[in-house]
Amino acid sequence: MNVHELDEPATTGDPTYEPTSPWWLSGTPLESEHHRLMRRRATPIPWAQTTAASLTDAERARLAGTWMRRSEAEYLAVSTFSVLAIDLVAAMAPADVISLCLRAGIDEVRHAEMCMRMVEIYSGEQKLPPPGMSMLPDDPKRPKLHQALANTMLVSCVSETYATTVLSATRDLTIDPTAQAVLTAIYSDEVMHARLGWSYLRHAIERGGQGVIDAAAEMLPRALRGVANVVERERPAGEVTPAVRDHGLMTPAEERVIFASCVREVLVPGFSALGIPVGTALEDYGDTWAHAA
Ligand SMILES: [Fe+2]
Ligand SMILES: [Fe+2]
């Protein structure tokens, strides 16, 4: 008997739901539980409305390359939140912080699925990202609160906050309805992933005082460098033509400007408001860095 015969139809209760990237599923009855989980907050994506057919082969290859990078990053983010959840549990973080962190990991599974589907749309290939997991700094000698706080700052306050600013700018230039809907769905989750960190940071400062502020200040340059490394990274080969832009892609130079303004307008004011010293962040990622590409 095929294991799927034990399964209820994936779309039960919601005729608009369809599995996003079924080639990444187990082929066992667990699939229906997975669909239930993924359906919970999902807005339907208009997959059939893609305008990919109007692109040249080179444009499609450029977009497939970028969506593959995105699927790799989203896949790694699943493990990031899993590791962060361990730190938060060890530090006896509040229940809402822990549950939202675990929820964020599930969101990242959905983001990875959507990005893989986009790769399929542009390349025709059902590819998976390479296996792997992200590592977070781990120092068993430091207080658990400081470790949890420092890693939350890295993952959530800095990375996810930057993700929201770059996604929102990218979404604004996107015309293709499918890419627009995917970027919007991912963006709305990343907003919550960032809020999680800022809320925990405030809570931890109230609880741990100066030690927490010091741990946060120490992590800040490292967290900013981590994101800057991604922004500075070589892009997949191929030109960003106007049509490619319409499908949700900006140039590396534009992304530098967005990161610099995120540092200046969001991160530095946010950390300063919490009493966390920001060191040379404004100079490190000012105009010179922004226009270096
Ligand atoms: Fe994500
Ligand atoms: Fe995220």
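The structure this text deals with has already been given above.
In this text the structure is predicted, and so the values were computed from the model without any measurement.

> Explain the coordination of the iron ion (ligand 2) to me, and be specific about the residues and the numbers.
Reference values for angles at a metal are 109.5 degrees in the four-donor tetrahedral case and 90 or 180 degrees in the six-donor octahedral case. Surrounding the iron ion (ligand 2) are the protein donor atoms Glu108 (OE), Glu160 (OE), Glu160 (OE), Glu190 (OE) and His193 (ND1), which sit 1.9 to 2.5 Å from the metal. In primary sequence terms, the donor set of the iron ion (ligand 2) follows E-x51-E-x29-E-x2-H. In this structure the iron ion (ligand 1) is found 3.4 Å away from the iron ion (ligand 2), and Glu108 serves as a bridging donor for the pair. Taken as a pair, Glu160 in helix 4 (residues 144-173) and His193 in helix 5 (residues 177-208) lie far apart in primary sequence, 33 residues in all. Relative accessible area serves as the criterion here: at 1%, His193 is assigned to the buried category.

> Would you mind going over the packing of helix 2 (residues 57-90) against helix 3 (residues 95-123) in detail, with residue names and values included?
Packing of helix 2 against helix 3 brings their axes to within 8 Å, and their N-to-C directions diverge by 165°. With respect to helix 3, the element helix 2 is oriented roughly antiparallel. Where helix 2 crosses over helix 3, the handedness of that crossing is left-handed. For the contact of helix 2 with helix 3, the residue count by class is 25 nonpolar, 4 polar and 4 charged.

> Lay out the nonpolar core in plain terms, naming residues and giving numbers.
The biggest cluster of nonpolar side chains holds 55 residues, and the ones touching the most others in it are Leu88, Tyr200, Leu201, Leu224, Phe259 and Phe271. Contributing elements (two or more residues each) for this core: helix 2, helix 3, helix 4, helix 5, helix 6 (210-232), helix 8 (252-273) and helix 10 (287-290). Ranked by residue count, the leading element in this core is helix 4, at 12 residues. Not counting chain neighbours up to four residues away, the residues in contact with Phe259 comprise Tyr162, Leu224, Val227, Ala228, Val231, Tyr285 and Trp289. Counting residues in each nonpolar core, the second largest holds 23 residues, with Met114, Met118, Tyr122 and Leu249 among its members.

> Before we move on, could you go through the side chain of Thr152 and cite the residues and values that matter?
Take Thr152: it is sitting in helix 4. Taking the relative accessible area as the measure of exposure, Thr152 reaches 2% and is therefore buried. Discounting chain neighbours no more than four positions away, the residues touching Thr152 are Leu84, Leu88, Cys157, Gly197 and Tyr200.

> Which residues make up the coordination of the iron ion (ligand 1), and what values do they have?
Taken together, the protein donors to the iron ion (ligand 1) comprise Glu74 (OE), Glu108 (OE), His111 (ND1) and Glu190 (OE), at separations of 2.0 to 2.3 Å. Its 4 donor atoms give the iron ion (ligand 1) angles of 84 to 143° at the centre, a pattern that matches the irregular case. Counting gaps between the donor residues of the iron ion (ligand 1) yields the pattern E-x33-E-x2-H-x78-E.

Reading the values: the criteria
Residues numbered from 1 in each chain as written. Chains lettered and ligands numbered in written order. Predicted model: local features only at pLDDT ≥ 70, side-chain atom pairs only at ≥ 80, totals over all residues. Heavy atoms only, no water. Donors = N, O, S within 2.8 Å, 3.2 Å for Na, K, Ca; no water. Helix = DSSP H or I, 4+ residues; strand = E, 2+ residues; numbered from the N terminus. Buried < 20%, exposed > 50% of the residue type's maximum accessible area, 1.4 Å probe, protein only. Axes fitted to C-alpha atoms, helices over the stretch in contact; angles between N-to-C directions. Parallel < 35°, antiparallel > 145°, perpendicular 65-115°, else oblique. Left-handed = near helix turned anticlockwise from the far one by under 90°. Nonpolar A, V, L, I, M, F, W, Y, C, P; charged D, E, K, R; others polar. Core = buried A, V, L, I, M, F, W, Y, C linked by side-chain atoms within 4.5 Å. Contact = heavy atoms within 4.5 Å. Tetrahedral: all angles 85-135°; square planar, octahedral: opposite > 155°, others 65-115°.

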